[in-house]
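Survey of secondary and tertiary structure
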Amino acid sequence: MPDSHGATHTHDTYQRLITLLDTSSIAYELIDHEPEGTTEAVSALRGHPMSEAAKCIVLRVKVDRRTTRHVLAVVPGDRRVDLDAVRALYAARYAGFSDAATAERLARAVPGTVLPFSFDPDLELVADPDVVAQPRLYFNAARLDRSLVISGEDYARVAEPRVERIASP
């Protein structure tokens, strides 16, 4: 029964996010919209430029033969993750996209709804400086039909990402 498990998973992650923001006294706005997970389409539904969206991608970084780290890379919605920059950041042999099952397990969300927050100790959070600099940062709230808006500054304060230049120009 992956459906009921997935739905519970998503609900838990959504609740955890809202609880975190409420207990941290973070001002946020919720936006309900048609179910959509692609940055371009959801940005249009929400009515903002893609550069104000947080695009969240789970990466697999092979530091050496025995060590693999998982990284949640957060970049502006109109940019791509620079895999070479991530590889250099970790002095790794390889950096690439994680498989869907691993990404879903670590992010505790289905593709298209991955938050720019990590609730798993095995998922390291790295955000591009252009993400935390946004006055208004938009992202799907662990659901395809609801998004959240917070300031980049508040995001950085509560999510505590490692801030590094990881977006392609």
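Report on the accompanying structure. (Residues numbered from 1 in each chain as written. Predicted model: local features only at pLDDT ≥ 70, side-chain atom pairs only at ≥ 80, totals over all residues. Heavy atoms only, no water.)

1. So, the overall build of the chain
Across its full length, the chain holds six helices and eight strands. Counted from the first residue to the last, the chain has its helices and strands arranged as α-β-α-β-β-α-β-α-β-α-β-β-α-β. In terms of overall size, the chain behaves like a compact globule, its C-alpha atoms giving a radius of gyration of 15 Å where 169 residues would be expected to give roughly 15 Å. Dimensions of the chain, computed from the C-alpha atoms along their principal axes, are close to 45 × 40 × 30 Å. For the chain, the proportion of its 169 residues judged to be buried stands at 47%. The long-range fraction of contacts in the chain, counting pairs at least 24 apart against all pairs at least 6 apart in sequence, stands at 69%. Accessible surface, the chain: about 8500 Å² in total, of which carbon and sulfur atoms supply 49%. (Helix = DSSP H or I, 4+ residues; strand = E, 2+ residues; numbered from the N terminus. Rg over C-alpha atoms; globule rule 2.2 N^0.38 Å. Buried < 20%, exposed > 50% of the residue type's maximum accessible area, 1.4 Å probe, protein only. Contact = heavy atoms within 4.5 Å. Areas by Shrake-Rupley, 256 points an atom, 1.4 Å probe, with all protein chains shown as cover.)

2. Quick word on the sheet that holds strand β8 (residues 162-163)
The mixed open sheet is built from five strands, whose spatial order is β4-β2-β3-β5-β8. Only two strands of the sheet have a single partner each, and these edge strands are β4 (94-97) and β8. The pairing of strand β5 (residues 123-127) with β8 spans two bridges and is classified as parallel. Bridging from a neighbouring strand, Ala127 pairs with Val163 of β8. (Pairing = 2+ DSSP bridges.)

3. Here we look at the packing of aromatic side chains
On inspection of all chains with the given rule, the structure shows three aromatic pairs. Look at Phe117 and Tyr155: their rings are 5.4 Å apart centre to centre, the planes differ by 90°, and that puts the pair in the edge-to-face class. One end of the pair, Phe117, is in the loop between α4 (100-107) and β5; the other, Tyr155, is in helix α6 (residues 152-159), with 38 residues separating them in the sequence. The pair formed by Phe117 and Tyr155 is uniform in burial state, with each residue classed as buried. (Phe/Tyr/Trp six-rings, centres within 6.5 Å; stacked < 30°, edge-to-face > 60°.)

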